[in-house]
Amino acid sequence: MFWDYYYPLLFMVLSALILYFGLRKEVRKFHGNSEPTLMDRVSFGFNFLLVLVFGGTFFAGSIIRLVYLATRTA
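Here's what I pulled together on the structure shown here.

Some points on the environment of Met-12
Argument step 1. Summarising the element assignment, Met-12 is placed in helix α1 (residues 2-31).
Argument step 2. Classification of Met-12 as buried rests on a relative accessible area of 19%.
Argument step 3. Counting along the chain gives 49 residues from Met-12 to Gly-61, while the straight-line C-alpha distance between them is 8.3 Å.
Argument step 4. When residues no more than four places from it in sequence are discounted, the contact partners of Met-12 are Phe-59, Ser-62, Ile-63 and Leu-66.

Observations concerning the packing of aromatic side chains
Argument step 1. Overall, the coordinates contain five aromatic pairs when judged by the stated rule.
Argument step 2. Ring geometry for Tyr-6 against Tyr-7: centres 5.2 Å apart, planes inclined by 70°, an arrangement best described as edge-to-face.
Argument step 3. With relative accessibility at 52%, the residue Tyr-7 sits in the exposed group.
Argument step 4. Ring plane angle 25° and centroid distance 4.6 Å describe the contact between Phe-30 and Phe-44, whose orientation is recorded as stacked.

Remarks on the environment of Gly-55
Argument step 1. Among the secondary structure elements, Gly-55 is positioned in helix α2 (residues 38-73).
Argument step 2. Apart from the residues lying within four places of it in its own chain, the contact partners of Gly-55 are Ser-15, Ile-18 and Leu-19.

Re the pattern of salt bridges
Argument step 1. Throughout the structure, instances matching the rule amount to three salt bridges.
Argument step 2. A salt bridge links Asp-4 to Arg-72; the nearest nitrogen and oxygen atoms lie 3.7 Å apart. With Asp-4 in helix α1 and Arg-72 in helix α2, this pair connects stretches of sequence that are 68 residues apart.
Argument step 3. Taking the relative accessible area as the measure of exposure, Arg-72 reaches 45% and is therefore partly exposed.
Argument step 4. Two residues, Lys-25 and Glu-26, come together in a salt bridge whose shortest N-O distance is 3.9 Å.
Argument step 5. For Glu-26, a relative accessible area of 6% gives the class buried.

About the thresholds
- Note that residues are indexed from 1 along each chain, following the sequence as it is written.
- Totals for whole chains, interfaces and linings use all residues, but because this is a predicted model, local features are given only for residues with pLDDT of at least 70 and pairs of side-chain atoms are given and counted only at 80 or more.
- Heavy atoms throughout the structure, all of them, feed into the side-chain values; hydrogens and water do not.
- Strands are runs of DSSP state E lasting at least two residues, helices are runs of H or I lasting at least four, and both sets are numbered from the N terminus onward.
- For the exposure calls, accessible area comes from a 1.4 Å probe over protein chains only, and a residue counts as buried if that area is under 20% of its type's maximum, exposed if over 50%, partly exposed in between.
- By the convention used here, residues are in contact when the closest approach between their heavy atoms is within 4.5 Å.
- Two aromatic rings from Phe, Tyr or Trp, using only the six-membered ring of Trp, form a pair when their centres are within 6.5 Å; if the ring planes differ by under 30 degrees the pair is stacked, by over 60 it is edge-to-face, and anything between is tilted.
- Basic side-chain nitrogens of Lys or Arg form a salt bridge, by our definition, when they fall within 4 Å of a carboxyl oxygen of Asp or Glu.

See below:
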């Protein structure tokens, strides 16, 4: 029973770490610039969205899988 939930929980924790540390790194890097140029803003936006897409996809997929497993056994 536990092994059914093991991988979705693991992916959820890892994707939450990716989201937290990735977004924190990008925001710190952007705020470290005293006068960001247009290219700095574009780079920040692209990297921010990239982290959100990859981390968010795995996080949402893990939640969907856990909901599926919980409703399948009920």
